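Coordinate analysis (summary)
Letter by letter, the chains look like this.
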Amino acid sequence: MTISREIIVYDGPGGPFEGMAVRDTAVATPRPGIMLVPNVLGTKEQDFAKAEEVAALGYVVFVADVFGQGKRTGRDDPDMGRYMNGLMADRGLLRDRLKASLDVLKGVPGCDAGKTAAMGFCFGGMCVLDMARAGLGLAGAISFHGIYSKPDFATVAPITTRILVCHGWDDPFCPPEATLGLAKELTEAEADWQIHAYGKTVHAFTDRELYKPEAGIAFEEKANRRSWRAMVDFLEEVFA
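The rules behind each value
- Residues numbered from 1 in each chain as written.
- Predicted model: local features only at pLDDT ≥ 70, side-chain atom pairs only at ≥ 80, totals over all residues.
- Heavy atoms only, no water.
- Helix = DSSP H or I, 4+ residues; strand = E, 2+ residues; numbered from the N terminus.
- Rg over C-alpha atoms; globule rule 2.2 N^0.38 Å.
- Buried < 20%, exposed > 50% of the residue type's maximum accessible area, 1.4 Å probe, protein only.
- Contact = heavy atoms within 4.5 Å.
- Areas by Shrake-Rupley, 256 points an atom, 1.4 Å probe, with all protein chains shown as cover.
- Lys, Arg positive; Asp, Glu negative; His and termini not counted.
- Charge placed at Lys NZ, Arg CZ, Asp CG, Glu CD.
- Core = buried A, V, L, I, M, F, W, Y, C linked by side-chain atoms within 4.5 Å.
- Expected span 1.5 Å × (residues − 1).
- Pairing = 2+ DSSP bridges.
- Right-handed = clockwise from strand over helix to strand, strands pointing away.
- Salt bridge = Lys/Arg side-chain N within 4 Å of Asp/Glu carboxyl O.

Let us look at the overall build of the protein. In terms of helices and strands, the protein carries 6 helices and 10 strands. Here the protein has a C-alpha radius of gyration of 16 Å; the compact-globule value for 240 residues is 18 Å, and the two agree. In terms of overall dimensions, the protein has a C-alpha envelope of 45 × 40 × 35 Å along the principal axes. Counting every position in the protein, which comprises 240 residues, the buried fraction comes to 52%. Taking the contacts inside the protein whose residues are at least 6 apart along the sequence as the reference set, 64% of them involve residues at least 24 apart. Accessible surface computed for the protein: about 10,200 Å², of which carbon and sulfur atoms make up 53%. If the 26 positive side-chain charges of the protein are averaged to one point and the 33 negative ones to another, these points end up 2 Å apart.

Among the nonpolar cores identified, the biggest contains 45 residues, and Met 35, Phe 62, Leu 94, Leu 98, Phe 123, Met 131 and Ile 163 are the most heavily contacted of them. The element that contributes the greatest number of residues to this core is helix α4 (residues 123–134), accounting for 8 residues. When near neighbours in sequence (up to four residues on either side) are disregarded, Phe 62 contacts Ile 8, Tyr 10, Gly 19, Met 20, Ala 21, Ile 34, Met 35, Leu 36, Ser 101, Val 104 and Leu 105.

On to α4, then. Under the 1.5 Å per step criterion, the end-to-end length of α4 is 16 Å for 12 residues, consistent within 8% with the ideal 16 Å. With 12 of 12 residues buried, α4 is to be regarded as a mostly interior element. If you check which residues of α4 are buried, you get Phe 123, Gly 124, Gly 125, Met 126, Cys 127, Val 128, Leu 129, Asp 130, Met 131, Ala 132, Arg 133 and Ala 134. One or two steps after α4, the chain reaches Gly 135, where phi turns positive at roughly 70 degrees.

Burial analysis of strand β7 (residues 162–168) places 6 of its 7 residues in the buried class, which makes it a mostly covered element. Sheet topology note: the strand β6 (residues 140–144)/β7 ladder contains 5 bridges and is parallel. Counterpart to Ala 141 in the pairing with β7 is Ile 163. Here β7 runs beside strand β8 (residues 193–198); their pairing, made up of 6 bridges, is parallel. The residue of β8 that forms the bridge with Gly 168 is Tyr 198. In terms of handedness, the path from β7 via helix α5 (residues 176–188) over to β8 forms a crossover that is right-handed.

Attention now goes to the environment of Pro 16. Within the element layout of this structure, Pro 16 appears in the loop between β1 (3–10) and β2 (17–24). A C-alpha to C-alpha distance of 26 Å links Pro 16 and Gly 146, two positions 130 residues apart in sequence.

Here the focus is the pattern of salt bridges. Evaluated as defined, the whole model comprises 16 salt bridges. Salt-bridge contacts for Arg 5 lead to Glu 45; the nearest nitrogen and oxygen are separated by 2.8 Å. On the criterion of sequence distance, the pair formed by Arg 5 in strand β1 and Glu 45 in helix α1 (residues 45–55) is long-range, its members being 40 residues apart. In this structure, the salt-bridge partner of Lys 44 is Asp 47, at a minimum N-O distance of 2.8 Å. The same class applies to Lys 44 and to Asp 47, which are both buried.

The structure is reproduced here in structure tokens:
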């Protein structure tokens, strides 16, 4: 196994953008592609390392940039959400940037363009749900501690993308009524959906580098492990 990284600069609405393709260059046969959408901070080493773990499972991975080349924030930035907030206010633009990133994934060497899924964390979890809502042709979408608010663009019905939501039940950003609202929305859209809710678990439970329990943000080892296993099983089923 030879896992490689390749920076890709690409065009899109408001671009340019800079993402990272991660794949096993020792495998010549086409493999399903996974688009990984980062959290509020944008692309970073943490995402590239996660992409390597996913690529080691037998997938071609593309870490998408939806903020724009050079537009990143840090964990101690007092305005860390400035790029995210602009897109939260224009979900149609976000959808179009996600579509541009998905097109890049499909062109990565070794990717089977007819078999793609997306996974995202926090803000990225909302992004992959929007991709399913927009009917972008994904086989599967996996949201880790995402945001569940509906977008302001017209959504498709039925939603043909299979959906896995991994959720911390005590997440203050998505309280139980928001989670139930998502279940209702997906049911009405005739989606094939799963919501895995983890007790004693708050927001960002997969992020070992973020610990702000006073804000309802903390890593949780059991939920991290269980959600990863759920993702592995989900992708195997989606691409069987």
